[in-house]
Amino acid sequence: MKFLIFTCSLLITASANAQANIEPFLSVPFPTELKSSKDGKTIAWVFNNKGVRNIFTSEAPAFEYKKITSFTDDDGMEIINLEFTPDNNNIIFVKGNAPNTKGEPANPAQLQYSTERTLWIIKKSGDSLKRIAVGNQPKVSPDGKKLAFVQGGQVWLFNFDSSSKPAEKLFSSRGSQNSLKWSPDGSMLAFVSARDNYSFIGVYYLNKKQVQFIAPGVDIDIEPAWAPDGASL
């Protein structure tokens, strides 16, 4: 009996200590979304510090880190899809949450405004934060003048040269489009068209404004990649 009482006392004490000390382990900041610039001289990532998410950068040769966004709330909204522009001076990212099967984005903080995914751009210096559009999966064209992204399962295009104009849908396609990949010369955009039980690769020709599906069938085709000369996928 004495042994049983002693054992229970140890378990209660250990449990109390665990509860008292678990907070520091749960509140440690952790990084996600590590991304490198095109020239390899800058890296960017997202730090989640007690639920507050911000983008940080670090540049060669010193690699001292710098916080470039100034979000202050634990709003439950993810920051994902970091993308450097080709000149390495700007970072595009997505802020917001994925929708459920009914199209409703998660809202764990019960915010009184939309938590849908939106595209943003900010200079790597931390200046000029701007909202671009609703959407995700951003891909900047090789010349840095256009931004392709996905909104509502369709492919949209935003022109940085005409930033006063809203983004426009490039084409309409059944299913849900994803995995956007620009050709090396920026004249074509490959994508995956996902249907219910299969998917196949499509290519949109910007000059002709036409879509061609590559070997469509009932298989699951994913992750298109261009050859360096852009002549094949």
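This one's a predicted model, so the numbers in the text were calculated from it and none came from an experiment.

Caption draft 1: Here's a closer look at the sheet that holds strand β11 (residues 154-159). Strand order in this open sheet of 4 strands is β9-β10-β11-β12, and the pairing throughout is antiparallel. Where the open sheet ends on each side, the last strands, each with one partner, are β9 (136-140) and β12 (168-169). Pairing analysis gives 6 bridges linking strand β10 (residues 146-151) to β11, with the strands arranged antiparallel. Bridged to leucine 147 within β11 is phenylalanine 158.

Caption draft 2: The pairing of strand β3 (residues 52-59), seen in detail. When you tally the buried positions in β3, you get 7 out of 8 residues, the bulk of the element. Here strand β2 (residues 42-49) pairs with β3 via 8 bridges, running antiparallel. Paired with alanine 44 across the strands is threonine 57, a residue of β3. Looking at chain direction, β3 and strand β4 (residues 65-67) are connected through 3 bridges and run antiparallel. Among the inter-strand pairings, serine 58 is bridged to a residue of β4, identified as tyrosine 65.

Caption draft 3: Representation of the confidence of the model for the protein chain. Counting all residues, the mean pLDDT for the protein chain is 89, and 91% of those residues have values of 70 or more. The low-confidence segment residues 1-8 (pLDDT under 50) makes 0 contacts with residues lying over four places distant or belonging to another chain.

Caption draft 4: A look at the packing of aromatic side chains. Within the structure shown, the criterion is met by 10 aromatic pairs. Between phenylalanine 200 and phenylalanine 213, the ring centres sit 5.0 Å apart and the planes meet at 80°, which makes this aromatic pair edge-to-face. With phenylalanine 200 in strand β15 (residues 199-205) and phenylalanine 213 in strand β16 (residues 210-214), this pair connects stretches of sequence that are 13 residues apart. Judged by its relative accessible area of 29%, phenylalanine 213 is partly exposed.

Caption draft 5: Here's a closer look at the pairing of β11. For β11, a buried count of 5 out of 6 residues is recorded, marking the element as mostly surrounded by other parts of the structure. In this antiparallel pair of consecutive strands, β10 and β11, the connection spans 2 residues, and glycine 152 shows a positive phi of 60°. For β11 and β12, the ladder comprises 2 bridges, and the chain directions are antiparallel. Within β12, the position partnered with leucine 157 by the bridge is glutamate 168.

Caption draft 6: Broad picture of the environment of serine 176. Looking at the secondary structure, you find serine 176 in strand β13 (residues 176-182). Separated by 10 residues in the primary sequence, serine 176 and proline 166 have C-alpha atoms spaced 22 Å apart. Setting aside chain neighbours within four positions, we find serine 176 in contact with Gly153, Val192, Ser193 and Ala194.

Caption draft 7: Examining the nonpolar core more closely. Counting 13 residues, the largest nonpolar core has Ile92, Leu119, Ile132, Leu147, Phe149, Phe158 and Ala167 as its most contacted members. Looking at this core, the elements that each hand over two or more residues are β6 (90-95), β7 (118-123), β8 (130-134), β10 and β11. Excluding residues within four positions of it along the chain, leucine 147 makes contact with Ile92, Leu119, Ile132, Pro138, Lys139, Val140, Trp156, Leu157, Phe158 and Phe160.

Caption draft 8: Examining the layout of surface pockets more closely. When its volume is computed, the second largest pocket comes out at roughly 290 Å³. Lining the second largest pocket are 16 residues; nearest its centre among them are Pro99, Arg117, Asn136, Gln151 and Gly152. Among the secondary structure elements, those contributing two or more residues to the lining of the second largest pocket are β9, β10 and β13.

Caption draft 9: View of the environment of phenylalanine 171. Note that phenylalanine 171 resides in the loop between β12 and β13. For phenylalanine 171, a relative accessible area of 9% corresponds to the buried category. Spatially, the C-alpha atom of phenylalanine 171 lies 40 Å from that of asparagine 49, the residues being 122 residues apart in sequence. Every residue in contact with phenylalanine 171, bar those within four places of it in the chain, is listed here: Gln154, Val155, Phe191, Tyr204 and Val211.

Caption draft 10: Molecular detail of the side chain of threonine 57. Mapping threonine 57 onto the fold places it in strand β3. Residue classification places threonine 57 among the buried residues on the basis of a relative accessible area of 4%. Those residues within four positions of threonine 57 in sequence are excluded, and the remaining contacts are Thr42, Ile43, Ala44, Trp45, Glu64, Tyr65, Lys66, Ile68, Ile91 and Lys124.

Conventions we followed
- Residues numbered from 1 in each chain as written.
- Predicted model: local features only at pLDDT ≥ 70, side-chain atom pairs only at ≥ 80, totals over all residues.
- Heavy atoms only, no water.
- Pairing = 2+ DSSP bridges.
- Helix = DSSP H or I, 4+ residues; strand = E, 2+ residues; numbered from the N terminus.
- Buried < 20%, exposed > 50% of the residue type's maximum accessible area, 1.4 Å probe, protein only.
- pLDDT = per-residue confidence, 0-100.
- Contact = heavy atoms within 4.5 Å.
- Phe/Tyr/Trp six-rings, centres within 6.5 Å; stacked < 30°, edge-to-face > 60°.
- Core = buried A, V, L, I, M, F, W, Y, C linked by side-chain atoms within 4.5 Å.
- 1 Å grid on protein atoms, 1.4 Å probe; cavity = no way out; pocket = protein on both sides within 12 Å on 5 of 7 lines; lining within 4 Å.
- Points joined across faces, edges and corners; volume = space filled by probe spheres on them.

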